[in-house]
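Each chain, letter by letter, is given below.
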Amino acid sequence: MPPKRKASRAPRRSSAAPAAPARQPEERPVGAAEGRLQTSSLLTTAQGVRLPDTDHSLKAGPRGPSLMDDFHLREKITHFDHERIPERVVHARGAAAHGTFTAYGNAGSVTRAGFLQRGRETPVFVRFSTVLGSRGSADTVRDVRGFATKFYTDEGNFDLVGNNMPVFFIQDGIKFPDIIHAGKPHPDREIPQAQTAHDTFWDFVSLHTEATHHVLWAMSDRGIPRSYRTMEGFGVHTFRLVNAENETCLVKFHWKPVAGVHSLVWEEAQLAAGTDPDFHRRDLADGIDAGAPLEFELGLQIMPDSDDQTFEGIDLLDPTKIVPEELCEVQLVGKLTLDRNPTNYFAETEQVAFHTGNLVSGIEVTDDPLMQARLFSYLDTQLTRLGGPNFTQLPINCPHAAVNDNLRDGMHQTAVHRGVAPYLPNSLGQEGEPVPAEVDEGAFVHVPREVSGPKVRANPASFADHFSQAALFWASMTAIERAHIVEAFTFELSKCYEQPIRERMLGVLANVATDLCTAVAAGLGLPAPSGTPATDPVPSPALSQIVETPGPIAGRVIGVIADDGADLAGITKLRRAVEAKGAVLRLVAPSGGTIKRGRSSQPVERTFLTTRSIEYDAVVVAAGNPTLTDPRLTVLLGELFRHCKVIAAWGDGVDVLTAAGIDTTAPGIVLGDTIAKPYTTELVAAVGLHRAWDRSGPTSR
Ligand code: HDD
């Protein structure tokens, strides 16, 4: 089903059209804020003065110079000149959606946070992002993805500002400017955009080996997700939960996508960056419009709040380490459903301000030095980005909980505060002015913890282990995933100009796994150095994305290739079958308009000219056009085949596959006589496996 569009309406008259009859002024409540709500049906200035013409500046005669007293021209251009705000210094490129978080209630024993208690439903806003690219960069670049969630709880806003990878490049936030300066484009030429395939990134990470684990994740398929709906999310740091009895535990937050964890292949990611740079953004919005909400379950790894804050020998304050799920189960405590697109990109997606310090009673941070620096950075950055300290008054940032603070004035203040005593204690406060809350009134009271130690710039000894978990990650991958990692390292390092950087990075990989280092070195045509990798790291199968049983296909896109004379009844049945599973069917034909058979017809949604394989999770050739050939169709089918996607046909549609050179005996090829239940069931199951990886080699570990 194509995305829903609003019915078109008659164009608004331009100012050249006759003026509307005079109207009575609308009744409008007195007050500054209401004036901003665009309540007039007639065009006005920002001051509410009605305008007869917005197409012509005021001039001395039709050919004369423009006049300074054109208040409308000056206001219109001045406002336009200031429409942009600074983009985020990182995570500039993003897309977002509204939704609801529903708690299962089983976290009630470990936290007093109200939104995690049984049956609670909390409005949320989630912004997904890439990290390195500018606002206009492509979605599918190899990068970490942000997964930031604002829970508008009735105890205040809680922000879980996570990524789609559970570890980070650095252990201490003081290094954040370093890793970002290294990853961003070179300062002299400002290239390359939105990618790490360049010298400064690899220069830094090859010298700064605590990044190794995260680099492995970034070079894996996790760096190129299929869509936002098929990514995991992670809070990364260890958090501290506090229950009603003031008992604490340490936790790691996980988002588990109901649609499974799936990725693009690298060639697709590169193609999409050209053919559809908005690939993920479009997929998010179209999926929601098509009635397929994104769903994630919130999971907790719950660990004792021990004195040394370690678990099974893993330092929980080190953000370069995971706790394997096999050692500590992820317990699912609630469900996130994203089912509403933003109304206005700027007002919501651009102006939303996340902050790791937005916590609610029952959730606290730990002493992880990466988190500690973040507590400073997120508030600070908004002062520049959103132009002052009042960004919490922007609708998207407004808590849904009642607010009564003594914060006053400042840039962009929109509140009209009453009273004379915005301070405490006071004796002049009026009815409605705030007094401090007590514990039993839900006050956020920090768990009292002993803090001591000499003032030093130093890391704990355990932070010196930079390779054991990188080795664990590598050991947990299947053969196909390892092949992708080798390709990614080889690709990125090949893009470096400086040979010593490549050689140094091979030296790092030699300390992760000999086979990894040898394979990348072979790709680069360099000798493989020797290292001291961990012997027999214990794999964590939960880290692999390869599935053996079909998952849901909601949000997936299936193309059906057809032309005049195609089996339209079969296409209709196929459409019903895939839409019943939340997927979208798109009719692809040689040219636009409609395709016909007898007196029936169906609208064409994509033409061979306007489509590439990247847009489909599977393509089905309809019966009825056995002689259909086209070089663009051959490219489309060939790419689908190479990318291990499902290719299908029914009836004489099989001849089209054969003519395009597709091996119809290969894995992941679904053939049938007619569109009937067994065929659609087989097709849906094949798409649910995401890829027919067997086409490209072994998938075992
Ligand atoms: Fe950050 C944005 C995630 C470390 C400083 N970060 C930002 C966003 C996400 C993350 C998802 C985008 C939020 C949005 O959509 O508006 N950042 C992370 C994760 C980290 C991390 C998971 C490590 C575990 N970040 C980190 C450090 C610092 C920052 C160590 C600084 C010391 N991050 C920022 C920032 C940003 C930001 C500069 C840019 C825009 C913003 O905050 O609002 O303050």
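Residues numbered from 1 in each chain as written. Predicted model: local features only at pLDDT ≥ 70, side-chain atom pairs only at ≥ 80, totals over all residues. Heavy atoms only, no water.

What follows is about the coordination of the iron atom of the ligand. Counting protein donors around the iron atom of the ligand gives one, Tyr378 (OH), at 1.8 Å. For tyrosine 378, the location among the structural elements is in helix H8 (residues 369–385). (Donors = N, O, S within 2.8 Å, 3.2 Å for Na, K, Ca; no water. Helix = DSSP H or I, 4+ residues; strand = E, 2+ residues; numbered from the N terminus.)

Another aspect to go through is the domain arrangement of the protein chain. Where interface size is given, it is often the accessible area lost as the parts come together that is meant. Its domain assignment divides the protein chain into domain 1 (94–171 + 227–393) and domain 2 (557–696). The distance between the C-alpha centroids of domain 1 and domain 2 comes to 36 Å. Each side of the interface is counted separately: domain 1 has 13 residues, and domain 2 has 13 residues. Seen at the junction of domain 1 and domain 2, the total is 4 salt bridges. Between aspartate 286 and arginine 586 there is a salt bridge, and its shortest N-O distance comes to 3.7 Å. Looking at the side of domain 1 that touches domain 2, the elements that each hand over two or more residues are helix H5 (266–275) and helix H6 (279–289). Here the side of domain 1 that touches domain 2 takes 5 residues from H5, the largest share from any one element. In the side of domain 1 that touches domain 2, the residues fall into 7 nonpolar, 3 polar and 3 charged. (Domains from an automatic or database assignment. Contact = heavy atoms within 4.5 Å. Salt bridge = Lys/Arg side-chain N within 4 Å of Asp/Glu carboxyl O. Nonpolar A, V, L, I, M, F, W, Y, C, P; charged D, E, K, R; others polar.)

It is worth spelling out the environment of aspartate 172 at this point. Along the chain, the position of aspartate 172 falls in the loop between strand E4 (156–163) and helix H2 (176–183). Counting along the chain gives 200 residues from aspartate 172 to glutamine 372, while the straight-line C-alpha distance between them is 8.4 Å. If we ignore the near neighbours within four places in the chain, the residues touching aspartate 172 are Glu210, Pro369 and Leu370.

Close contacts around the ligand come from 23 residues, with Arg88, Arg127, Arg374, Tyr378 and Gln382 the closest. Histidine 91 places a polar side-chain atom, nitrogen or oxygen, 3.4 Å from a nitrogen atom of the ligand. Contributions of two or more residues to the shell around the ligand are made by strand E3 (145–153), E4 and H8. A per-element tally of the shell around the ligand places H8 first, with 7 residues. In terms of residue class, the shell around the ligand is built from 11 nonpolar, 9 polar and 3 charged. (Near = heavy atom within 4 Å. Polar contact = N/O pair within 3.5 Å; in protein donor to acceptor, adjacent residues only side chain to side chain.)

Let us now look at the UniProt feature "domain: Catalase core" (unreviewed entry) in the protein chain. Feature annotation in UniProt assigns "domain: Catalase core" (unreviewed entry) to the following positions: residues 44–432. Segment residues 44–432 splits into 21% helix and 21% strand. End C-alpha atoms: 37 Å apart. (UniProt positions renumbered as here; feature names shortened; annotations may be inferred.)

Let's shift gears to H8. End to end, H8 covers 25 Å across 17 residues, agreeing with the expected 24 Å (1.5 Å per residue, within 8%). Along its buried surface, H8 packs onto E4, strand E6 (239–242), helix H7 (345–350) and strand E12 (363–365). The distance from a side-chain oxygen at the start of H8 to the backbone nitrogen of leucine 370 is 2.7 Å, and the residue carrying that oxygen is aspartate 368. (Expected span 1.5 Å × (residues − 1).)

Turning our eyes to something else, we now look at the confidence of the model for the protein chain. Of the residues in the protein chain, 94% have a pLDDT of 70 or more, and the chain-wide mean is 94. Per-residue pLDDT stays below 50 along residues 1–8; that stretch engages in 9 contacts with residues further than four places along the chain or on separate chains. Every residue in residues 16–35 scores below 50 in pLDDT, and together they form 15 contacts with partners more than four places removed in sequence or on other chains. Scoring the predicted complex yields pTM 0.95 and, for the interface, ipTM 0.99. (pLDDT = per-residue confidence, 0-100.)

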